[in-house]
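Remarks on the overall topology
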Amino acid sequence: MKKTKTLLTAAAVGAVAGGAFAEEMTIVSWGGAYSKSQLKAYHEPYSEKTGVTILNDDSSAEAVAKLRAMNEAGNITWDVVDVVAADAIRLCDEGLALEIDFDTQLAPAPDGTPASEDFGDLLVSDCFIPQIVYSTTFGYRTDLVGDTPPTDICAVFDLEAYPGKRSLEKRPINNMEWALLCDGVAKDDVYDVLATPEGQDQALAKLDTIKDSVVWWSAGADTPQLLADGEVVMGSTYNGRLFSVIEEQKQPVAMLWDAQVFDLDGWIIPAGLSEERQKRALDYIMFATDTQRLADQAKYISYGPARASSAPLVGKHAELGIDMAPHMPTDPENAKNTFLYNYEFWADYRDDIDAKFQAWLAQ
């Protein structure tokens, strides 16, 4: 676990109008370029405004297990946690996340549109405040794929045309879907097939064909580093991480957008916080998810803001000066063949398929 501290001086530190607020908070996220974008867009401005000390913890990949353990121990040490939508649904269903009244506890759009309308269909759980639309997709080394760069997701399974190591996330999500797609299952049938033991076995059998050539990753920064070091020929990760390695680091890497998996990422507040910590967390959430702040994050990383009112405010990268729109997963050129992630399926099946996947990995 990596923990860093953001401490900014501000003119006013102390009591906050409306009651006592905690003056320190732990915010949990994913690390790397993504956490840097949150630091610039949310944490630093919020600390400057309030004087609060923010501790950054990069443990989001383990959020569900750790929040379960904290709840059982009666010791909640996190204040705001960044999770994917399916994990938010699970945490909400288990009573481990605070339910949010979107129209009173989140800021309206600048024109007065209530938050519930501004976020619209992206409000997939009563406990989840979405920040971004992102995708999990593949990057590849342009100098290691020969004269025919991959254009199809099934290139991942083609060791003859594209020999070398691949990096895949060390969990079943996305890997199982891609495996079935490349084993002939129609896109619309993937989750029906994956709901059966036979379908799960089919996906694992397809993954077996490349298992010996896979480097398994757990942190979003892993694949960009593996690509930069030339240790893998292609690998999956979040599109914003690939943007960073391509545009900021200028590595010989390109995007494979085919069958990119759209997903949502956002905040939950753990249930069981003290009153002063809950007040601080809610105050931070109202600030960090307003229209301007969500648009500001898109200046640092190529994820689409979850509010409709934020989209017109997205312009150029804050440091590179390049237009961010063509780098978004939602750009029409990039979104020609997307795969829509099924939150409800993974909320229902995650624990069982996780166990089966980990047992397969250990074989």
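Data block above holds the structure.
Quick look at the structure, then. These figures come from a predicted structure and were not determined experimentally. (Residues numbered from 1 in each chain as written. Predicted model: local features only at pLDDT ≥ 70, side-chain atom pairs only at ≥ 80, totals over all residues. Heavy atoms only, no water.)

**Comments concerning the state of the cysteines**
- Taken as a whole and assessed by the stated rule, the structure comprises two disulfides.
- Two residues, Cys92 and Cys127, share a disulfide whose sulfurs are 2.0 Å apart. Its S-S torsion of approximately 60° makes the covalent link between Cys92 and Cys127 right-handed. Of the two residues, Cys92 is situated in helix α3 (residues 85–93) and Cys127 in the loop between α5 (115–119) and β5 (129–141); the sequence distance between them amounts to 35 residues. Judged on exposure class, the residue Cys92 and its partner Cys127 are both buried.
- Note that Cys154 is cross-linked by a disulfide to Cys182, the S-S spacing being 2.2 Å. Because the torsion about its S-S bond is -100°, the bridge between Cys154 and Cys182 counts as left-handed. Taken together, the residues Cys154 in the loop between β5 and β6 (166–169) and Cys182 in the loop between α6 (175–181) and α7 (190–194) connect sequence positions 28 residues apart.
- Residue Cys154 is classed as partly exposed on the basis of its relative accessible area of 28%.
- Counting its disulfide-bonded cysteines in sequence order, the chain shows a connectivity of 1-2, 3-4. (Disulfide = S-S within 2.5 Å. Helix = DSSP H or I, 4+ residues; strand = E, 2+ residues; numbered from the N terminus. Buried < 20%, exposed > 50% of the residue type's maximum accessible area, 1.4 Å probe, protein only.)

**Let's talk about the environment of Lys211**
- Considering the arrangement of structural elements, one finds Lys211 in the loop between α8 (197–208) and β7 (214–217).
- Separated by 46 residues in the primary sequence, Lys211 and Lys165 have C-alpha atoms spaced 9.7 Å apart.
- Setting aside anything within four residues of it in sequence, one finds Lys211 in contact with Trp360, Leu361 and Gln363.
- In terms of polar contacts, Lys211 uses its side chain to reach the backbone carbonyl oxygen of Trp360, at 2.5 Å.
- A polar atom in the side chain of Lys211 sits 3.5 Å from the backbone oxygen of Gln363. (Contact = heavy atoms within 4.5 Å. Polar contact = N/O pair within 3.5 Å; in protein donor to acceptor, adjacent residues only side chain to side chain.)

**Points about the packing of helix α1 (residues 32–50) against helix α11 (residues 275–288)**
- Two elements in contact, α1 and α11, have axes whose closest approach is 10 Å; the angle formed by their N-to-C orientations is 120°. What the angle tells us is that α1 and α11 run oblique. Here α1 runs over α11; the crossing is right-handed. Here α1 contributes Tyr42, His43, Pro45, Tyr46, Lys49 and Thr50 to the contact with α11, which in turn contributes Arg280, Asp283, Tyr284, Phe287 and Ala288. (Axes fitted to C-alpha atoms, helices over the stretch in contact; angles between N-to-C directions. Parallel < 35°, antiparallel > 145°, perpendicular 65-115°, else oblique. Left-handed = near helix turned anticlockwise from the far one by under 90°.)

**Looking at the layout of surface pockets**
- The computed volume of the largest pocket comes to approximately 570 Å³.
- Of all the elements in the fold, those that place two or more residues in the lining of the largest pocket are α2 (63–73), α3 and α13 (343–361).
- Of the residues belonging to the lining of the largest pocket, the class tally is nine nonpolar, eight polar and 13 charged. (1 Å grid on protein atoms, 1.4 Å probe; cavity = no way out; pocket = protein on both sides within 12 Å on 5 of 7 lines; lining within 4 Å. Points joined across faces, edges and corners; volume = space filled by probe spheres on them. Nonpolar A, V, L, I, M, F, W, Y, C, P; charged D, E, K, R; others polar.)

**Some words on the pattern of salt bridges**
- Per the counting criterion, the structure on display carries 20 salt bridges.
- With a closest N to O distance of 3.8 Å, Lys279 and Glu275 form a salt bridge. Taken together, the positions of Lys279 and Glu275, both in helix α11 and four residues apart, correspond to about one turn of that helix.
- Accessibility expressed as a relative area gives 24% for Lys279, which makes it partly exposed.
- What makes Glu275 exposed here is its relative accessible area of 59%.
- A salt bridge links Arg280 to Asp283, with the shortest nitrogen-to-oxygen separation between them at 3.6 Å. Of this pair, Arg280 and Asp283 both sit in helix α11, three residues apart, which is roughly one turn of that helix.
- The exposure class of Arg280 is buried, given its relative accessible area of 1%.
- Residues joined by salt bridges that share partners form a network here, namely Arg68, Asp87, Arg90, Glu94, Arg350, Asp351 and Asp354. (Salt bridge = Lys/Arg side-chain N within 4 Å of Asp/Glu carboxyl O.)

**Some remarks on the packing of α2 against α3**
- The interhelical angle for the contact between α2 and α3, taken along N-to-C directions, is 20°, at an axis separation of 10 Å. As summarised for this structure, α2 and α3 are arranged roughly parallel, according to the angle between their axes. Where α2 crosses over α3, the handedness of that crossing is right-handed. Of the residues in α3, those in contact with Val64, Leu67 and Arg68 of α2 are Asp87, Arg90 and Leu91.
- Its residues placed into classes, the contact of α2 with α3 shows three nonpolar, no polar and three charged.

**Comments concerning the environment of Tyr238**
- Mapped onto the secondary structure, Tyr238 falls in strand β8 (residues 234–238).
- Here the alpha-carbon distance between Tyr238 and Gly139, two residues 99 residues apart in the chain, equals 9.4 Å.
- Tyr238 has contacts with Trp30, Tyr134, Ser135, Thr136, Glu169, Trp217, Gly220 and Tyr303, leaving out every residue within four places of it along the chain.

**Here's the deal with the nonpolar core**
- In this structure, Met176, Leu194, Leu207, Trp267, Ile268, Tyr284 and Trp346 are the most contacted members of the largest nonpolar core, which totals 90 residues.
- Element by element, the count of residues in this core is highest for α13, at eight residues.
- In this structure Trp346 touches Ala86, Pro172, Ile173, Met176, Glu177, Tyr191, Leu194, Tyr341 and Ile353, once residues within four positions along its chain are discounted.
- Counting residues in hydrophobic clusters, the runner-up holds ten residues, among them Leu227, Val232, Ile246 and Val253. (Core = buried A, V, L, I, M, F, W, Y, C linked by side-chain atoms within 4.5 Å.)

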